[in-house]
Amino acid sequence: MVIKPRVFSLAQICLTALLGLSFTSQSILAGEYPALAPLPAKKTPAASKVEMGKRLFFDARISGDGAISCATCHDPNMGFGDGRVLSEAYPGTDYFRNSPSLINTQYKADFTDTGWGWEGRLGSSLNDVVRDQLTETTIMNMDMRIMHERAKQDPVYVEMCEANFGGECSSGKMRKALVAFIETLVSNKTPFDSGTMSRAAKSGQKLFEGKAGCIQCHNGPYLSDGKPHNTGVPENLDIFKDPVRHLTYRSVLHTYGVPNMAAWRRDVGYFMVSRDYKDVGKFVTPTLRELKYTAPYMHNGTLASLEEVIDYYNEGGGHDDVMPNELAPLGLSQRDKKNLLAFLEALSADVPLAMEKMEIPQDYDPTPDWLETKN
Ligand code: HEC
Ligand code: HEC
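Residues numbered from 1 in each chain as written. Chains lettered and ligands numbered in written order. Predicted model: local features only at pLDDT ≥ 70, side-chain atom pairs only at ≥ 80, totals over all residues. Heavy atoms only, no water.

S.K.: Which parts of the structure should I look at to understand the coordination of the iron atom of ligand 2?
M.R.: Tetrahedral coordination by four donors places them ideally at 109.5 degrees to one another around the metal; octahedral coordination by six donors ideally gives 90 or 180 degrees. Donor atoms from the polypeptide that bind the iron atom of ligand 2 are H218 (NE2) and Y313 (OH), placed at 1.9 to 2.1 Å. Angles of 86 to 179 degrees at the metal separate the six donor atoms of the iron atom of ligand 2, which places the site in the octahedral class. Here H218 is found in the loop between α9 (199–209) and β1 (228–229), whereas its partner Y313 is found in helix α13 (residues 306–314), with 95 residues between them in sequence. H218 gets classed as buried once you look at its relative accessible area, which sits at 10%. (Donors = N, O, S within 2.8 Å, 3.2 Å for Na, K, Ca; no water. Tetrahedral: all angles 85-135°; square planar, octahedral: opposite > 155°, others 65-115°. Helix = DSSP H or I, 4+ residues; strand = E, 2+ residues; numbered from the N terminus. Buried < 20%, exposed > 50% of the residue type's maximum accessible area, 1.4 Å probe, protein only.)

Dropping the structure here:
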């Protein structure tokens, strides 16, 4: 078979160029990408399983030294993030990423091509991620056998395991309960979802789907294409100036077997997963619901407010020395920026999904007497 080369006439090329230009300046991008829409409803897990998961979520005994719980970094009164630029970590370490919200995180399984975490390196199911967060030395530093033993020594868990799963507690049952709790952290009743957006927010949505081009990556019901992109978010140099954060970062690179582990002076992003140099500095498009309550923003918390995020995009994103940033300046007016902000805010519920912290009696002493006397 002979393949004929396609010859484009000058007129065809000019027309394509013109169309290309108009795509970025008009609001016709929307049809090109999965439409923004309310999130599909999911099955609600059994209330008693959720109750058990909630207790575990607030229980510091499921961390190695009994000092932190999941809620330390995923605080229900901070949008299930922690409000810090960079997250703390297991005592003795400090983390190199911003703590993400857990609201709607279960939908990552349906809407992303990668795992969890900012660059998508964690787990292939929510249950896996929960296990990773429990066992990771820089997070909860827990051993599954110790978790199992501690649960067996608390009559409340003994009863909860029996009632929900039958038989004695196991780390697997405990993880299932944590997943059930996380599955109740849903935001799908925002003004956007319920069709009650203000006029400004509606104009903002048009910009989002048109001139501002956000929909190229933030699309579909989850407002994410689930793919890694380079938007040139500047490095947070605190990671490299602070010896403890620096060490934590190196240890994670080491755990993941990242090539040239000692040489990197930046967050390698999706490279950690793909080992493909073109992915250095890419992060998975995050969802955009409940952002009103989860500042600061980006994988390293370098943008403090949604206004800063909009200015950032308006300027064509940040400058990444080596890698091509996929964004271009937008030329938004003051009014455009206000409308875009109104739309982003309409993706959060008017009242945040918060809950009172559970106080769990810590009557289990992680250091038994025989160990104390031995020392
Ligand atoms: C010391 C702080 C800290 C603690 C404690 C902690 N996390 Fe996290 N969590 C983080 C950070 C930071 C990330 C992002 C990790 C990354 O991108 O490297 C994260 C990510 C996650 C994610 C993925 C979110 C997403 O959308 O990608 C889940 C799910 C999660 N944590 C659940 C838990 C659970 C359950 C616990 C308790 C067993 C827990 N975490 C304890 C800080 C913490
Ligand atoms: C080329 C793909 C792409 C485009 C276009 C894009 N984003 Fe993003 N967005 C991302 C990625 C990737 C991140 C995470 C970057 C990081 O953490 O380093 C992000 C992060 C964000 C965040 C922070 C979320 C959080 O939880 O911290 C907001 C807000 C945001 N984008 C809004 C927008 C708006 C508004 C537009 C349009 C003006 C837009 N994005 C256009 C890919 C994109």
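S.K.: Any chance you could explain the coordination of the iron atom of ligand 1 here in plain terms?
M.R.: Surrounding the iron atom of ligand 1 are the protein donor atoms H74 (NE2) and Q133 (NE2), which sit 2.1 to 2.4 Å from the metal. For the iron atom of ligand 1, the six donor atoms in the first shell make angles of 77 to 177 degrees at the metal, a pattern classed as octahedral. Highlighted residues: H74 in the loop between α3 (70–73) and α4 (108–111) and Q133 in helix α5 (residues 126–135), separated in sequence by 59 residues. When its relative accessible area of 24% is taken as the criterion, Q133 is described as partly exposed.

S.K.: I would appreciate a short explanation of empty space enclosed by the protein in the present structure.
M.R.: The probe, sized like a water molecule, is rolled over the atoms to show the empty space still left. In total, this model carries one cavity of 30 Å³ or more according to the counting rule given. Empty space within the largest cavity amounts to approximately 50 Å³. In this structure, the largest cavity is lined by D59, R61, I62, M147, R150, A151, Y157 and M174. Counting residues per element, the lining of the largest cavity draws most heavily on helix α6 (residues 144–152), at three residues. (1 Å grid on protein atoms, 1.4 Å probe; cavity = no way out; pocket = protein on both sides within 12 Å on 5 of 7 lines; lining within 4 Å. Points joined across faces, edges and corners; volume = space filled by probe spheres on them.)

S.K.: What is the right way to look at the site of ligand 2 in this model?
M.R.: Contacts to ligand 2 come from 23 residues, most closely from C214, C217, H218, H299 and Y313. Between H299 and ligand 2, the recorded distance is 2.6 Å, taken from a side-chain N or O atom to an oxygen atom. Y313 places a side-chain nitrogen or oxygen 2.7 Å from a nitrogen atom of ligand 2. Examining the composition of the shell around ligand 2, we find that three residues originate from one element, α13, more than from any other. For the shell around ligand 2, the residue count by class is 16 nonpolar, six polar and one charged. (Near = heavy atom within 4 Å. Polar contact = N/O pair within 3.5 Å; in protein donor to acceptor, adjacent residues only side chain to side chain. Nonpolar A, V, L, I, M, F, W, Y, C, P; charged D, E, K, R; others polar.)

S.K.: Explain the packing of aromatic side chains to me, please; I cannot follow it from the model alone.
M.R.: Geometry of an aromatic ring pair is reported as the spacing of the ring centres plus the angle between the planes. Evaluation of the coordinates by the stated rule reveals 14 aromatic pairs. Plain terms: the ring middles of F57 and F181 are 4.9 Å apart, the flat faces sit at 50 degrees to each other, and that makes the pair tilted. Highlighted residues: F57 in helix α2 (residues 47–57) and F181 in helix α8 (residues 171–182), separated in sequence by 124 residues. Chaining the aromatic ring pairs together yields one cluster made of F57, F58, F80 and F181. Above the ring of Y107, the side-chain terminus of K42 is found at 5.2 Å from the ring centroid. (Phe/Tyr/Trp six-rings, centres within 6.5 Å; stacked < 30°, edge-to-face > 60°. Lys NZ or Arg CZ within 6 Å of the ring centre and 35° of its normal.)

S.K.: For this particular structure, what's the right way to read the pattern of salt bridges?
M.R.: A side chain of one charge can pair with a side chain of the opposite charge when the charged atoms of the two come close. Counting across every chain of the model gives 22 salt bridges. R131 is paired through a salt bridge with D128; the nearest N and O atoms lie 3.8 Å apart. Within this pair, R131 and its partner D128 are both found in helix α5, separated by three residues, close to a single helical turn. The class of R131 is partly exposed, set by a relative accessible area of 32%. The salt bridge partner of R245 is D242, with a shortest N-O separation of 3.7 Å. We classify R245 as buried; its relative accessible area is 14%. (Salt bridge = Lys/Arg side-chain N within 4 Å of Asp/Glu carboxyl O.)

S.K.: How should the state of the cysteines be read in this particular structure?
M.R.: Between two cysteines, a covalent bond joining their sulfur atoms is known as a disulfide. Tallied over the full model, the rule gives one disulfide. Two residues share a disulfide in this structure: C161 and C169, whose sulfurs sit 2.1 Å from each other. Because the sign of the S-S torsion sets the handedness, a value of about 100 degrees for the bond joining C161 and C169 places this disulfide among the right-handed ones. Since its relative accessible area comes to 0%, C161 is described here as buried. Looking at C169, the relative accessible area reads 3%, which means it is buried. (Disulfide = S-S within 2.5 Å.)

S.K.: What's the story with the side chain of D59 in this structure? I'm lost.
M.R.: Here D59 is to be found in the loop between α2 and α3. A distance of 2.8 Å separates polar atoms of two side chains, one belonging to D59 and the other to Y157. The contact partners of D59, leaving out residues within four places of it in the chain, are I68, S69, Y157, I360 and Q362. (Contact = heavy atoms within 4.5 Å.)

S.K.: Got a minute to help me understand unusual backbone geometry in this structure?
M.R.: Working note: non-glycine residues mostly have negative phi, and peptide bonds are mostly trans. Omega for the peptide link from A295 to P296 comes to -5 degrees, which places this bond in the cis form. For L223, which is not glycine, the phi dihedral falls at a positive 60 degrees. On the secondary structure map, L223 appears in the loop between α9 and β1. Taking relative accessible area as the criterion, L223 reaches 1% and is therefore assigned buried. Phi at N260 takes a positive value of approximately 55 degrees, unusual for a residue other than glycine. The residue N260 is located in the loop between α11 (243–255) and α12 (271–274) in this model. N260 gets classed as exposed once you look at its relative accessible area, which sits at 51%.

These values are about where atoms sit, not about what they do.
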